[in-house]
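# What the coordinates show
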Amino acid sequence: MEGYSKEQLEEFERWRQQRHKRIEVADVAGPVRVAPAKMEETPRFEPATWPVPRHELSKNLAKYVGLALDMGAVDAKIVNTKDIPQDLRAYYVGCVIPSCRWLNSNANCPTVRTFSFEHMKKFISEYDLAVAYKVLPPKIEEVPDVGPIQLDMYYTMGGAPAPDKAMLARNIIRLRILLEMARRIRAEAYYDGYLMAAPLTSGPCLVAKCADIRRCPAIEKGGHCRFVDVQPNASGCAYVNFYALGKKLGWGELQVGGNCAFPEDTPDPASYYNIGLVLID
Ligand code: SF4
């Protein structure tokens, strides 16, 4: 690439390889980090021209599919957004009927965060292409350290016994890996010039990111979110019918409870999987 020193090009390549590394449990374990990355830890991206020449689209999409697989997805596909099933029932069945344990617990889940069905149909229809990827829960031998977990009240308030901390720790890791995968694909696309690239993730960010404080500061008066890499829940907020999407992509039956369920809450955890989705252009 003209105009860049050998060192700069080497640094771009070093960070590209870093992004394409498999996301291991250790990469997302430990207490959640709230502070922004230091300068020297901030990834560098090879600059791209904008708008992106149309003829580069298929090469770039193939690269994002490759990135999803490099990070640990078991399959990844380019999807025409017309094939992303949106269904008003995804909100009701996904979050409200019956009510999800995490309903109203954070600013990225209903009913705190809702958009109209028409609005979200329009939003996704503004894109032509997306990348979808299938992710299996990470194999975790020992209970990972994820920092303090203070989520008992979301179980005990309903009279249930306190939850198994090991189960929560495994799900915190699983959800953080899904968020990190979406973040990296979106970042790669953004710096390739797809400035409107948007990740559609699932699962309660309260569990992934705020288990240490058991509450969501963003839903408190004058409060705001502690993070810049979380987004509204795709099932409840974007009405994405992941059951239908999984079938359409040939990935098999999605578990009861859908993309937000915890494997431990499903009848057959062995066939559990998650779907990641990033709208590209
Ligand atoms: S503060 Fe935590 S729980 Fe609230 S929206 Fe942000 S990540 Fe989610």
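Residues numbered from 1 in each chain as written. Predicted model: local features only at pLDDT ≥ 70, side-chain atom pairs only at ≥ 80, totals over all residues. Heavy atoms only, no water.

## Focus on the overall build of the chain
A count of helical and extended segments in the chain gives 10 helices and four strands. In the chain, the succession of helices and strands from N to C terminus is α-α-α-β-α-α-β-α-α-β-α-α-α-β. For 281 residues, the compact-globule estimate of 2.2 N^0.38 gives 19 Å, and the chain sits close to it at 19 Å. For the chain, the spread of C-alpha atoms along the principal axes amounts to about 65 × 40 × 40 Å. Counting only residues that meet the buried cut, the chain has 47% of its 281 residues in that class. If you take every contact in the chain between residues at least 6 apart in sequence, the share linking residues at least 24 apart comes to 79%. Surface accessibility of the chain: about 14,300 Å² in total, with carbon and sulfur atoms responsible for 56%. For the chain, the distance from the average position of its 35 positive side-chain charges to the average position of its 34 negative side-chain charges is 4 Å. (Helix = DSSP H or I, 4+ residues; strand = E, 2+ residues; numbered from the N terminus. Rg over C-alpha atoms; globule rule 2.2 N^0.38 Å. Buried < 20%, exposed > 50% of the residue type's maximum accessible area, 1.4 Å probe, protein only. Contact = heavy atoms within 4.5 Å. Areas by Shrake-Rupley, 256 points an atom, 1.4 Å probe, with all protein chains shown as cover. Lys, Arg positive; Asp, Glu negative; His and termini not counted. Charge placed at Lys NZ, Arg CZ, Asp CG, Glu CD.)

## As for helix H5 (residues 117-125)
Within the span of H5, buried status applies to Phe117, Met120 and Ile124. For H5, the arc enclosing every buried residue in end-on projection is 65°, short of the 170-degree limit, so these residues lie on one face. In the core, the buried residues of H5 are packed alongside helix H4 (88-96), strand E3 (198-200), helix H9 (234-238) and strand E4 (274-279). (Arc of directions from axis to C-beta.)

## Comments concerning the nonpolar core
The biggest cluster of nonpolar side chains holds 53 residues, and the ones touching the most others in it are Tyr133 and Leu151. With 13 residues, the single largest contributor to this core is helix H7 (residues 165-191). Ile84, Phe117, Ile124 and Ile275 belong to the second largest nonpolar core, which has 24 residues in total. (Core = buried A, V, L, I, M, F, W, Y, C linked by side-chain atoms within 4.5 Å.)

## Quick look at the pairing of strand E2 (residues 129-135)
With seven of seven residues buried, E2 is to be regarded as a mostly interior element. Pairing of strand E1 (residues 75-80) with E2, which is carried by six bridges, proceeds in the antiparallel orientation. Each bridged residue has a counterpart across the sheet, and for Lys77 the counterpart in E2 is Ala132. Across six bridges, E2 lies against E4 in antiparallel orientation. Bridging across to E4, Val135 finds its partner in Asn274. (Pairing = 2+ DSSP bridges.)

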